[in-house]
Structure formats: structure tokens, C-alpha cells
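# Structural overview for review
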Amino acid sequence: MAMSKTCLNLLIIHFIVFLLIQSTTQDQQTWPWIKTNYLTRSNWSSLLIPNTNNEQHSVWFIFHYLNYCGYCKKAEPGWEAVAQYALNWTKYIQIGAYDCNSESTSAGDICQDEKYPKWRIYCPLTNKTQLGFDSEQRTNQTTPEDILNWLVTKLNQIAEQCYGNSWPIENAIEPNTKDDLNNIIPKNITKFKLFVSDDILLYTLYVLNNSNTIQTEPIYRLAMNNKLIENSGILKGTRDTNGQIFLQTRDSNEAIKPFVLDKNIVSNLETTNGTSTAAKRPTLSDIDSATVWIINRDLRRGLPSSTENVKAWINTLYNFYPGSTTMKDFLYDLNEFLKNQTELSSKDFQNYVNSTSTIKLPSLKFDHCYASDSSRRGYPCTLWILFHSMTVKQARLAEQNALSSNVKPFDVIVSIREFINHYFLCEECVTHFVNMTSNVENEINSYDESVLYLWRCHNSVNKRLRYENYTNDPDWPKVPFPTKQQCNQCVQQTDENGDVIEYNSKETYQFLKEFYYLNHSKGIDKSNRMLLFLIILINILIFK
């Protein structure tokens, strides 16, 4: 039977709606963890189980990350290598990962609102997380081996707190003779090992790597200055039916040398491919989405102690907001509400946003910042657009003589720096940005210089990250902006690869002023054009 015209029309409509959804919804996929246990809010309680009087559970070592954080992404292959190395440790230690970007906007959730990436120990005996491998302990040279070394060293220090008596690492025994050894080793033990070394870390790693057999074949450590064995190494011990102990030297070269993780593990993130349908120019939705993210996820952090920081940022954001009228109205009301607050809790802030305010925030929608996968562009991209547009808004107000007399050209960038320092969670990103703008008060003397200053900062960041596969979207390479194709008159000189190495500042300022001026009364944005097209097509099909 031939398909009716009405059915065909409905199929066409459904197909167009599908395309519309695909073009405007940001993929929120998780990273493809393989060796690492991926933790979520729903499985957290079922996997991280506190000990009881009758049952012992594993300690968890958990990688807290943000899926949009490039530096977190850089750590992912190493963390998979850690999980691979520790596969046989599950009786005592499990390796997990938790995406703090997936947290709800409620306060007091799993993540503790710190800079990321972060590694934490969960102790089942206390049913809480312990201080993790923090920023002060990490440098650019920190390796996964360093973090794993830290873990086992830390666990040896807090073993009683985390395990009670079940931690398998023992203090060194001190026999003077074989008879002493016979008396030290319990009589019911018929086979065991002796690990002769002063290196407690290597001993711990060896025990954990043999954790499946240590109940039937325990491993004891002897210090190097013991009176029984002369050289370092591993000996296999047995006790015969008469209760006599015999020792046999084993080939222990592999066990007693510093360990190295498997470097051949390839991150699945590096093979993630996709096709970007991002808009060529920034849109109001990009700016509004950055602001919604800030309000729902970022500003609640640190309240009530950070109340004054929140008030200062919202005041700046309102005064120079370049987004939609709806968000501008919301920020006006929020700014007025905050003026009367001397101390604001996270709960009170969220109550205002979700209940008190008569203006409801729009959904997140990345247009220009849409990416080939969710770990690229997205929120950080929208932040850059918001920041650039704020400097442009400030410059335009200055040209119209519409600024207060106490406003200084560097005020917006100083406020941006303070926001990044207090609320952006990618630790290395914060360090770079704060250092880069540390002298901004002495470098900017006019409002057009403020626009150009932030533009140069952004190009500097892109230059540093250009060849970082973890942060780059293949559809949006980090090349000097604007390119010659985008603004021919801006470019004064290019290199042999076509990259711009010298710009005309005056022409570039004019370009940036137009590029980041997203006047909502100018035309129809991409999503509205798609919706208008859909409405027109439906009417044509129905009334034809």
C-alpha cells in the first residue's frame, strides 16, 4: 500500500524536528573509562560501603575531575594506567573516577568544590573521604607513579583509621636466628615470604600485588640491618611437618626495583570523533548559557564566606551584561536582592534562583560553543565569549559617555580575574590566567586597550594549548584569531603556515567590537531561524 501524503508529511516534520534537536543539544557523554570504576551519584552508595563488625570493605582511591577540563583530560590515560596496575588490589583498594561536572546544583554533594583534578581516599571504616593528593603536592612534572606512591604512603599512615586491623602491611620483624624466626612466624603458617628491604613503599606494593594470596602465604619484611639475611631480596619460606623452617632465595630483581606504570595504555578520549555543527559566530545563547552555568553551579561555592565576592561579581556582570534582555532583567533583580545581604548561604542563594525569582533561567544551549564531544569547548568557550563581550560592552558605553566617573578601563578584567580565581575549578587554568593578568591595572589605560588586552590573552592561551590534543576540537583549531579570512584588514603579517604574527591594532579593535557585540534586536539567531523555518514548513504541508 502506498504511503499517504499525510503520513509522508508527518515523517518529514519528525525528521526536521530530529535535526533541530541534534543541532542545538550539547552532547553530555561521559569519558570512556575501561579499567577505572566510573562512579556516579546513583551508584556511589552501593559501591562505597562502610565497614561493619562482620564485613570489611575496600578503600577507594577516587579521581575527581571535570569533563570539560583539559588538564583533567590530560591525566586520564595515567589514571587508567594506575587502575590497570592495581587490578589485583581490589580486596584492599579500588580505583574510581567521578565527574564533578555531573553534580547537582544542591549544596553539600559528593564533590567538595575545590580545584580539579583532585585525588581522594575514601575510608570505609569512617565512612568519609580523607584529604586527597592536593594542589600543593603537584607540579607539571608529577607522574601517575608519584600519585600512586603518595596513595600507599598515605594509607600506611592512616591504616588504622581506614582499615582497623585488616591492613596487610606489617612492621618489620627482627629475628636474630632462624629459631627466632620460627618463634615469630605463627605455628599454623606453613608457607610465607620474607621481603628484605628498607623500602616500605616497595614492600607495600609487593604485598598489594600479591593480596589474593597473602592470607595463605603472608609476606613479612626484614630490615637491611637484620642479623639473619645479608642481602636485599625475597625469600620463600616453608615449614615442614616437624615445625622446622626452610628458606629459599627467589629471583626478586623485578619486585625490588622502582615500579613504572604501563605507558602503552592509550586514552580512549584521544580517539573520540564527532562532527561539530557550531554556529560560526557567538550568539546570545552562548552568553546566557555561561551566565546560567555561573549562577547554578559556581557562585554557591564558598558561601556564606564568599558573599562579598558574589555580590561584587553580580554587580559587574549586571552593569556590563551583553546577553539577552531576559537575563539582564534577572541579573538586575538578583543584584538588588544581594544588596541587602550581609551573609548569604548556598541554600538561600539557590532558593532565590529557583523559587523567589519570578524570572526563570533558560536552559543551557551552546551555539558557537557546540563541540564534536562534550569534553571540548562548551562552558569554557562560553566564558571567553562572555568576557570578551563584557569588555566590548564597557568600551561601547565609554564611547557613548554612559559610564560612571568612578569606572576605570581595567575594572572589567580585574573582576574577571577575581571570578576566575575564586570560582573556575580547573586549577592550572586558574594559575595561568591569574598570573597572565596580575599586572593588568598598570597595563590598561583606555577602554579599547581593555578589549585588545583580553584578546591578546586569549590568543596567548590558544598558542600555548594549540598542540594539546586533550583540549583541541579538530573542527575549531586554536589558531591566531582573527584569521586573514575573517578580517583581512586586521592582518599585517603572516608566517609560512599562514598564521598571523602581526596585527593592526586599530582594525582589530573595530573587528572585535563588532564580532562580540551581540545585539539581541539584530536579526534572528540560529535556533529561532530553525524554529521559524519549521513552523513555516509545517503550515505549508498542512494547508497545501
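For the structure given in this document, a descriptive report is provided here. Quantities reported herein were computed from a predicted structural model and do not represent experimental measurements. (Residues numbered from 1 in each chain as written. Predicted model: local features only at pLDDT ≥ 70, side-chain atom pairs only at ≥ 80, totals over all residues. Heavy atoms only, no water.)

### Regarding the pattern of salt bridges
- Summed over all chains, the structure comprises eight salt bridges.
- One salt bridge connects E399 with K513, and the closest N-O pair in it is separated by 3.0 Å. Residue E399 is located in helix α13 (residues 378-399), and its partner K513 is located in helix α17 (residues 505-515); the two are separated by 114 residues in the primary sequence.
- The structure contains a network of salt bridges with shared partners spanning R417, E418 and E441. (Salt bridge = Lys/Arg side-chain N within 4 Å of Asp/Glu carboxyl O. Helix = DSSP H or I, 4+ residues; strand = E, 2+ residues; numbered from the N terminus.)

### Regarding the packing of helix α9 (residues 284-298) against α13
- The interhelical angle for the contact between α9 and α13, taken along N-to-C directions, is 110 degrees, at an axis separation of 8 Å. The angle between α9 and α13 places the two elements in the roughly perpendicular class. As for how α9 packs across α13, the hand of that crossing is left-handed. Within the contact between the two elements, α9 uses D286, I287, A290, T291, W293, I294 and D298 and α13 uses Y379, T382, L383, I385, L386 and S389.
- Grouping the constituent residues of the contact of α9 with α13 by class yields eight nonpolar, three polar and two charged. (Axes fitted to C-alpha atoms, helices over the stretch in contact; angles between N-to-C directions. Parallel < 35°, antiparallel > 145°, perpendicular 65-115°, else oblique. Left-handed = near helix turned anticlockwise from the far one by under 90°. Contact = heavy atoms within 4.5 Å. Nonpolar A, V, L, I, M, F, W, Y, C, P; charged D, E, K, R; others polar.)

### Observations regarding the nonpolar core
- F61, W79, I93, L386 and F419 are the most contacted members of the largest nonpolar core, which totals 134 residues.
- Ranked by the residues each element gives to this core, the list is headed by α13, at 12 residues.
- Ranked by size, the runner-up nonpolar core spans 12 residues in total, among them L194, V196, I229 and I245. (Core = buried A, V, L, I, M, F, W, Y, C linked by side-chain atoms within 4.5 Å. Buried < 20%, exposed > 50% of the residue type's maximum accessible area, 1.4 Å probe, protein only.)

### Some details on the sheet that holds strand β7 (residues 219-222)
- Taken in spatial order, the four strands line up as β7-β6-β8-β9 in an open sheet, and their pairing is mixed. The sheet is open, and its two edges are formed by β7 and β9 (245-250), each paired on a single side. The mean angle between the axes of side-by-side strands here comes to 30 degrees, regardless of whether they run parallel or antiparallel.
- In the sheet, strand β8 (residues 233-239) pairs with β9 via six bridges, with the strands oriented antiparallel. (Pairing = 2+ DSSP bridges.)

### Some thoughts on helix α15 (residues 427-436)
- Taken as a whole, α15 has its buried residues at E427, V430 and F433. Axial view of α15: buried residues confined to an arc of 135 degrees, hence all on one face.
- As for α15, its buried residues are in contact with α13, α14 (411-423) and α16 (447-465). (Arc of directions from axis to C-beta.)

### Quick word on the environment of I214
- When you line up the elements, I214 lands in the loop between α7 (200-209) and β7.
- A C-alpha to C-alpha distance of 9.3 Å links I214 and K193, two positions 21 residues apart in sequence.
- Filtering out sequence-adjacent residues up to four positions away, I214 remains in contact with Y92, P168, V207 and I219.

### As for the state of the cysteines
- Scanning the entire structure with this criterion turns up four disulfides.
- Each sulfur of the disulfide joining C369 and C381 lies 2.0 Å from the other. Looking along the S-S bond of the C369-C381 disulfide, the torsion reads about -70 degrees, which is the left-handed sense. Residue C369 is found in the loop between α12 (346-356) and α13, and its partner C381 is found in helix α13; the two are separated by 12 residues along the sequence.
- Residue C369 is classed as buried on the basis of its relative accessible area, which comes to 0%.
- A relative accessible area of 13% means that C381 is categorised as buried. (Disulfide = S-S within 2.5 Å.)

### A short note on the packing of α13 against α16
- Closest axis-to-axis distance for the α13/α16 pair is 8 Å, and the angle between their directions is 165 degrees. One way to sum up the angle between α13 and α16 is to call them roughly antiparallel. Here the hand of the crossing between α13 and α16 comes out left-handed. For the pair α13 and α16, the contacting residues are W384, F387, H388, T391, V392, Q394, A395 and A398 in the first and Y447, S450, V451, L454, W455, H458 and V461 in the second.
- Among the residues forming the contact of α13 with α16, the class breakdown is 10 nonpolar, five polar and no charged.

The quantities given are spatial measurements derived from coordinates; they are silent on function.
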